[in-house]
Amino acid sequence: MELKKADGNIYKLIEAEKIRQSEGLEMIASENYVSEAVLEATGSILTNKYAEGYPGKKYYSGCEFIDQIENIAIERLKKLFGCKFANVQPHCGSSANMAAYLAVAKAGDRILGQSLDAGGHLTHGAKVSFSGQIFESFSYGLDPNTGLLDYGEVEKIAKKVKPKVIMCGFSAYPRAIDFKKFKKIAKSVNAVLIADIAHIAGLVAAGYHQSPVGVADIVTSTTHKTLRGPRSGIIMTNDEELAKKIDKVVFPGIQGGPLEHVIAAKAVSFGEALKPQFKKYIENVLGNMKVFAKTLMAFDFDLVSGGTDNHLILVDLRSKNLTGKDFAHALHEAGITVNKNSVSNDPQPPMITSGVRVGTAALTTRGMGIAEMQRIAEMFNAVAENISDDKELQKISKEVKQMCKKFPVPGIK
Ligand code: DSN
């Protein structure tokens, strides 16, 4: 109630966002809803504290409780992924990746990562990102016929480029990654392997995806996608020397004071992910996506790679004569949020695109299941068939609101 009195504008906008989040279907594959406990920690008085340095070696006084919180976060993260060393201070996935690169490479060194239009992330070497500007970046794509990673091709490029670092991981790839194959390639060219598991961290933690821990030299991730923590980043390794280098790059290399309220929230979310219910949650995310994908394909939607092994799909809309921009806009009008997404060798520019990326992590957190997934896939088809028919889109939006009422969002009353 204090916020309402102190700053009516911000209060009103947060209330409006609460309504948007609870009355709409959130299908952006990188989004999720945190628990009330995680929300509480994120909004706590820990935001008041400066705590540069690492537990036991902070530069400021008064860190006796902060240190305990940070140590709990580190220990839980190590247990969750079975790693030996963890840094929980990165503010986000991009800063985690920046620290990982800078721990093993210097400006001008060569890096090799999955290209943006093939599902890689900006920080995997895109020229508009620090990763493509500080380093000399090269990329690998997908097999144009299958839409799958082609490890033979990655190896060929790696042998030619001889990168210092190979980055594997993705933002929009619907299939499992074989980290062991990547490691073999990296080893053959004497490159350091970094695995960015931002999207699949929850799947890895729950045992539903091969883990890169102990395979890749460094593992980075965000914490807010399938892992369902607060918006933040983490870095893990099993190598003590690398761990020391990573710590130095994170602080004082690229960051100052860690966000201790977020670190506490990460600790809470890691605790949640260590519970058996989390395994069940991930199982449901995957089951929901299988059904959603199958139902969409029955309506002749074209999915990149012909399906999915994880929590997301990439829909190639060219066969429907739609652009990603138009379809995402029409879905939004109908109360469903997705993001437009380039597909491999996309003829459309990044602001238009030929695809949309869709995920089931957030809806599964609300408790939606198979019946909802089938119905929502039918809605996707109805939106595609009535892309410019406002009346029809409004009709769907009403049904979306009704459906959402039965599945409250944690923390929104
Ligand atoms: N923005 C994230 C995603 O949507 O996958 C990546 O940073």
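Bear in mind the structure is a predicted one, so any value in this text is a computation, not a measurement. (Residues numbered from 1 in each chain as written. Predicted model: local features only at pLDDT ≥ 70, side-chain atom pairs only at ≥ 80, totals over all residues. Heavy atoms only, no water.)

Novice: Teacher, can you tell me more about the site of the ligand here?
Specialist: The ligand sits among S30, H121, S171, H199, K225 and R357. A distance of 2.7 Å separates an oxygen atom of the ligand from a polar atom in the side chain of H121. Looking at the shell around the ligand residue by residue, the classes come out as no nonpolar, 4 polar and 2 charged. (Near = heavy atom within 4 Å. Polar contact = N/O pair within 3.5 Å; in protein donor to acceptor, adjacent residues only side chain to side chain. Nonpolar A, V, L, I, M, F, W, Y, C, P; charged D, E, K, R; others polar.)

Novice: Just to check I follow, could you spell out the side chain of T123 for this structure?
Specialist: Along the chain, the position of T123 falls in the loop between strand 5 (110-114) and helix 6 (130-134). With near-sequence residues (within four places) excluded, T123 lies in contact with S94, N97, Y101, S129, F130 and S131. (Helix = DSSP H or I, 4+ residues; strand = E, 2+ residues; numbered from the N terminus. Contact = heavy atoms within 4.5 Å.)

Novice: Before we go on, may I ask you to explain the sheet that holds strand 11 (residues 302-303) in this structure?
Specialist: Strands in a sheet are paired, the pairing made by backbone hydrogen bonds, and the direction either parallel or antiparallel. Read across the open sheet, the 4 strands follow the order 11-12-15-14; overall the sheet is antiparallel. Every interior strand has two partners, whereas the edge strands, strand 11 and strand 14 (339-341), have only one. As paired elements, strand 14 and strand 15 (residues 355-359) share 3 bridges and run antiparallel to each other. Bridging across to strand 15, N341 finds its partner in G355. Strands strand 14 and strand 15 of the sheet are contacted by helix 13 (residues 324-333), whose axis makes an angle of about 45° with strand 15. (Pairing = 2+ DSSP bridges. Axes fitted to C-alpha atoms, helices over the stretch in contact; angles between N-to-C directions.)

Novice: How should the packing of aromatic side chains be read in this particular structure?
Specialist: A ring pair, where both rings are aromatic, is described by two values, the distance of the centres and the angle of the planes. Under the defined criterion, the tally for this structure stands at 11 aromatic pairs. Taking the centre distance of 6.2 Å and the plane angle of 70° together, the rings of Y101 and F130 count as edge-to-face. Linking Y101 in helix 5 (residues 93-104) with F130 in helix 6, this pair joins segments that are 29 residues apart in sequence. Overall, the relative accessible area of 0% leaves Y101 in the buried class. Ring plane angle 45° and centroid distance 5.7 Å describe the contact between Y140 and F182, whose orientation is recorded as tilted. Placement of Y140 in strand 6 (residues 136-140) and of F182 in helix 8 (residues 179-188) is noted, with a sequence separation of 42 residues between them. Site record: aromatic cluster; members linked through ring pairs are F292, F301, F327 and F380. (Phe/Tyr/Trp six-rings, centres within 6.5 Å; stacked < 30°, edge-to-face > 60°. Buried < 20%, exposed > 50% of the residue type's maximum accessible area, 1.4 Å probe, protein only.)

Novice: Is there a simple way to think about the pattern of salt bridges in this case?
Specialist: Side-chain pairs of opposite charge can arise whenever the charged atoms involved come near each other. The final tally for this structure, using the stated rule, is 20 salt bridges. Note that K58 and E70 form a salt bridge whose closest N and O atoms lie 2.7 Å from each other. Taken as a pair, K58 in strand 3 (residues 57-58) and E70 in helix 4 (residues 64-81) lie far apart in primary sequence, 12 residues in all. The same class applies to K58 as to E70, namely buried. Here R318 makes a salt bridge to D316, at a shortest N to O gap of 2.7 Å. By relative accessible area, which is 38% here, R318 ends up partly exposed. Owing to a relative accessible area of 9%, D316 belongs among the buried residues under this scheme. (Salt bridge = Lys/Arg side-chain N within 4 Å of Asp/Glu carboxyl O.)

Novice: Would you take a moment to explain the nonpolar core for this structure?
Specialist: One broad rule of soluble globular proteins: the nonpolar side chains tend to lie buried together. Counting residues in each nonpolar core, the largest one holds 55 residues, and the members touching the most others are F81, I166, F182, I197, L227 and M236. With sequence-adjacent residues up to four places away left out, I166 is seen in contact with L112, A158, F182, I185, A186, V189, A191, V192, L193 and I194. Listed in part, the 37 residues of the second largest apolar core include I336, M373, V400 and F407. (Core = buried A, V, L, I, M, F, W, Y, C linked by side-chain atoms within 4.5 Å.)

Novice: Please explain the sheet that holds strand 4 (residues 85-87) as it appears in this structure.
Specialist: In spatial order, the strands read 4-10-9-8-7-5-6; together these 7 strands make up an open sheet with mixed pairing. Whereas interior strands pair on both sides, the edge strands pair on one side only; in this sheet they are strand 4 and strand 6. For this sheet the average axis-to-axis angle between neighbouring strands, irrespective of direction, equals 20°. Here strand 9 (residues 218-222) pairs with strand 10 (residues 233-237) via 4 bridges, running antiparallel. Residue T220 lies in a different strand from strand 10, and its bridge partner there is I235.

Novice: How should the packing of helix 15 (residues 370-385) against helix 16 (residues 390-405) be read in this particular structure?
Specialist: Orientation of helix 15 relative to helix 16, taken along the N-to-C sense of each, is 165°, at an axis distance of 10 Å. Regarding the angle of helix 15 to helix 16, the classification is roughly antiparallel. Here helix 15 and helix 16 pass one another in a crossing that is left-handed. On helix 16, the residues touching E372, R375, I376, M379, A382 and V383 of helix 15 are L393, I396, E399, V400 and M403. (Parallel < 35°, antiparallel > 145°, perpendicular 65-115°, else oblique. Left-handed = near helix turned anticlockwise from the far one by under 90°.)

Novice: Looking at this structure, I do not really get the side chain of H209. What am I missing?
Specialist: Relative to the helices and strands, H209 resides in the loop between helix 9 (201-205) and strand 9. For H209, a relative accessible area of 9% corresponds to the buried category. Those residues in contact with H209, other than ones at most four positions away along the chain, are A176, I177, F179, I200, L203 and V204.

Novice: Help me understand the UniProt feature "site: Plays an important role in substrate specificity" (unreviewed entry) in the protein, please; the structure alone is not making it clear to me.
Specialist: Sequence positions flagged by UniProt for "site: Plays an important role in substrate specificity" (unreviewed entry) are, in local numbering, H224. On the secondary structure map, H224 appears in the loop between strand 9 and strand 10. At 3.2 Å, the side chain of H224 forms a polar contact with the backbone nitrogen of S232. (UniProt positions renumbered as here; feature names shortened; annotations may be inferred.)

Novice: Is there a simple way to explain the environment of L312 in this structure?
Specialist: Mapping L312 onto the fold places it in strand 12 (residues 312-316). Sequence separation between L312 and L286 is 26 residues; the distance between their C-alpha atoms is 8.7 Å. Leaving out residues up to four positions away in the same chain, L312 has contacts with A29, S171, A172, Y173, P174, H199, M289, R357, V358 and G359.

Novice: Please clarify how the state of the cysteines should be interpreted in this entry.
Specialist: One way to say it: the disulfide is the covalent bond shared by the sulfur atoms of two cysteines. In the structure shown here, the tally under the stated rule is 0 disulfides. Unpaired in terms of disulfides, C83 finds its nearest cysteine sulfur in C168, a separation of 16 Å. Since its relative accessible area comes to 7%, C83 is described here as buried. (Disulfide = S-S within 2.5 Å.)

Novice: Would you take a moment to explain helix 7 (residues 151-161) for this structure?
Specialist: In an α-helix there are 3.6 residues to a turn, and that puts residues three or four apart on one side. For helix 7, every residue scored as buried is listed here: Y151, V154, I157, A158 and V161. One side of helix 7 holds all its buried residues, which, seen down the axis, span an arc of 120°. Exposed and oriented more than 90 degrees from the buried face of helix 7 are K156 and K160. Where helix 7 is buried, its residues touch strand 5, strand 6, strand 7 (165-169) and helix 8. For helix 7, the N-terminal cap is D150; the gap from its side-chain oxygen to the backbone nitrogen of G152 is 3.1 Å. The first or second residue beyond helix 7 is K162, which carries a positive phi of 50°. (Arc of directions from axis to C-beta.)

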